[in-house]
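Geometric and topological summary
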Amino acid sequence: MRRVSIFGATGSIGQNTIDLIARAPDDYDVVALTGATNVTQLAKDAKRLQADLAVTSEEDLLPELRALLAGSGVEAAAGDAAIKEAAGRPADWVMSAIVGAAGLVPGLEALGQGATLALANKESMVCAGQLMFDAERDGGGKILPVDSEHSAVFQALIGEDLSAVERVIITASGGAFRDWSLEEMARATPEQAATHPNWDMGQRITIDSASLFNKAMELIETREFFRIDPAKIEAVVHPESMIHALVGFNDGALMAHVGPPDMRHAIGFALHHPHRKALPVERLDLVKLGQFTFRAADETRYPALRLAREVMQTGGLSGAVFNAAKETALDAFLSRQIGFLQMAEVVEATLLEISRRGGCIDAAFSLDNVLAADHLARHVARETAARIS
Ligand code: NAD
Ligand code: MG
């Protein structure tokens, strides 16, 4: 039996992970499940999977969670400290699927106790890739990518020599507004942005897909995960979302990873690694699909991509600033304080202001400094959003 924990169990990735685990209950011993506001779902899954522990990040929901779990034998806990404590409990495999920078500390903690960390939480790689790999080395654990593009790159690199890699191409669906004009995008509502043409995901990443902030995050994630020169990393729009990434080698070969837009592939790959096991995902009928199409990912239309390039160039703690500014800009868009296209303005202005102030981005890589950069960037981004709204 493998001991597994799922952080962000009630979300889209968490539920897909539970789907796979629940198909083979005898193979897994569930240690901890965590969630936030949806304690009903959390309690239901914790009971069904006979988890040792269920944790909500919301302290005021602890009495409700306790009541839902009464008599089940599942321990209940609440708050960020309880989530951190849960991540420190011995487990062989841990899914990191909390959304946002809140996923960083539990991920580091899980690596610290030597677990294999299946990383959906791209924010931790963008904010603190170096700390994640330090924790992997020190704890003896292993980080495996779950973001579909990075799982695809990882799979294309198996058995290959990194020095033979000429380029890495990650694909973007283009999101909800890929055929909209800039004028239409300027007036887009959160509801319109939260509808994805191909993938069924959480609200925040779906909106980030429409702005291409998700792809921007993934460019940085590629750089951090595979330590590849940013000049070799590209994004291309591929509306069908069937090819997730391609790796180009110095002999001209391009190895593509093709599969249906179903996160259970990447989750299952990380769950069974280094083996491959049958997964309940659709088998593609290429003749039926007919064709795959591609378009340039225009950096004028999608300034998020240009900003990601700047962040990769700057390095240091600029990833933490970028992510925090992006999360804050998204909150401002969700509350209708700013428009869809203004999210990039907020992020750009925040990066500029923080580098103008100095001292933050080139601070040494430590958890305290990453959290301080995150905190400062949120503050500056909130001020910027209020100013331009
Ligand atoms: P989601 O919004 O559906 O779920 C987020 C989960 O995090 C929920 O369990 C929620 O309760 C929990 N959570 C939210 N705020 C929290 C906080 N402050 N503290 C603790 N827990 C909190 O999101 P998702 O789509 O499942 O995405 C999760 C992560 O995986 C994100 O980093 C996202 O970028 C990444 N990812 C998602 C997909 C996808 O297909 N959904 C694909 C690739 C990567
Ligand atoms: Mg992705």
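What this report covers is the structure whose coordinates are included nearby. (Residues numbered from 1 in each chain as written. Chains lettered and ligands numbered in written order. Predicted model: local features only at pLDDT ≥ 70, side-chain atom pairs only at ≥ 80, totals over all residues. Heavy atoms only, no water.)

**Things to note about the sheet that holds strand β3 (residues 53-56)**
Each strand in a sheet pairs with another by means of backbone hydrogen bonds, the pair being arranged parallel or else antiparallel. To be explicit about the condition: Each pair of strands is called paired provided DSSP finds at least two bridges between the two strands. Numbered from the N terminus, helices here are DSSP runs of H or I no shorter than four residues, and strands are runs of E no shorter than two. Orientation is described by lines fitted to C-alpha atoms, with helices fitted over the stretch in contact, and by angles between N-to-C directions that extend from 0 to 180 degrees. Residue contacts are counted whenever heavy atoms from the two residues lie within 4.5 Å of one another.
Reading across the sheet, the seven strands line up as β4-β3-β2-β1-β5-β6-β7 and stay open at both edges, with parallel pairing between neighbours. Strands at the two margins of the open sheet, each flanked by one partner only, are β4 (75-78) and β7 (142-145). Strand-to-strand, the axes of this sheet are offset by a mean angle of 20 degrees, without reference to chain direction. Of the strand pairs in this sheet, strand β1 (residues 2-7) and strand β2 (residues 28-35) are connected by four bridges, and their pairing is parallel. The residue of β2 that forms the bridge with R3 is D29. Here helix α3 (residues 62-69) sits on the sheet in contact with β3 and β4, set at roughly 170 degrees to β4. Relative to β7, helix α6 (residues 122-139) is tilted by about 145 degrees, and along the sheet it contacts β6 (116-119) and β7.

**Comments concerning the coordination of the magnesium ion (ligand 2)**
To be explicit about the condition: Shown as donors are all N, O and S atoms within 2.8 Å of a metal ion, widened to 3.2 Å for Na, K and Ca; because water is not in the atom set, sites may appear incomplete.
Only D147 (OD), E149 (OE) and E218 (OE) from the protein reach the magnesium ion (ligand 2) as donors, at distances of 2.1 to 2.2 Å. Spacing between the donor residues of the magnesium ion (ligand 2) along the chain follows D-x1-E-x68-E. Taken together, the positions of E149 in helix α7 (residues 148-156) and E218 in helix α11 (residues 213-226) put the pair 69 residues apart, joining distant regions of the chain.

**Description of the pattern of salt bridges**
The following threshold applies: Here a salt bridge means any side-chain nitrogen of Lys or Arg lying within 4 Å of a carboxyl oxygen belonging to Asp or Glu. Categorising residues by exposure relies on relative accessible area from a 1.4 Å probe, with only protein chains included: less than 20% of the type maximum marks a residue as buried, more than 50% marks it as exposed, and the intermediate range marks it as partly exposed.
Enumeration over the complete set of coordinates arrives at 26 salt bridges. Here E327 and R378 are joined by a salt bridge, their closest N and O atoms 3.2 Å apart. One end of the pair, E327, is in helix α15 (residues 318-334); the other, R378, is in helix α17 (residues 367-388), with 51 residues separating them in the sequence. Like R378, E327 is buried. It is possible to trace a salt-bridge network through shared partners that takes in K122, D147, E149, K215 and E218.

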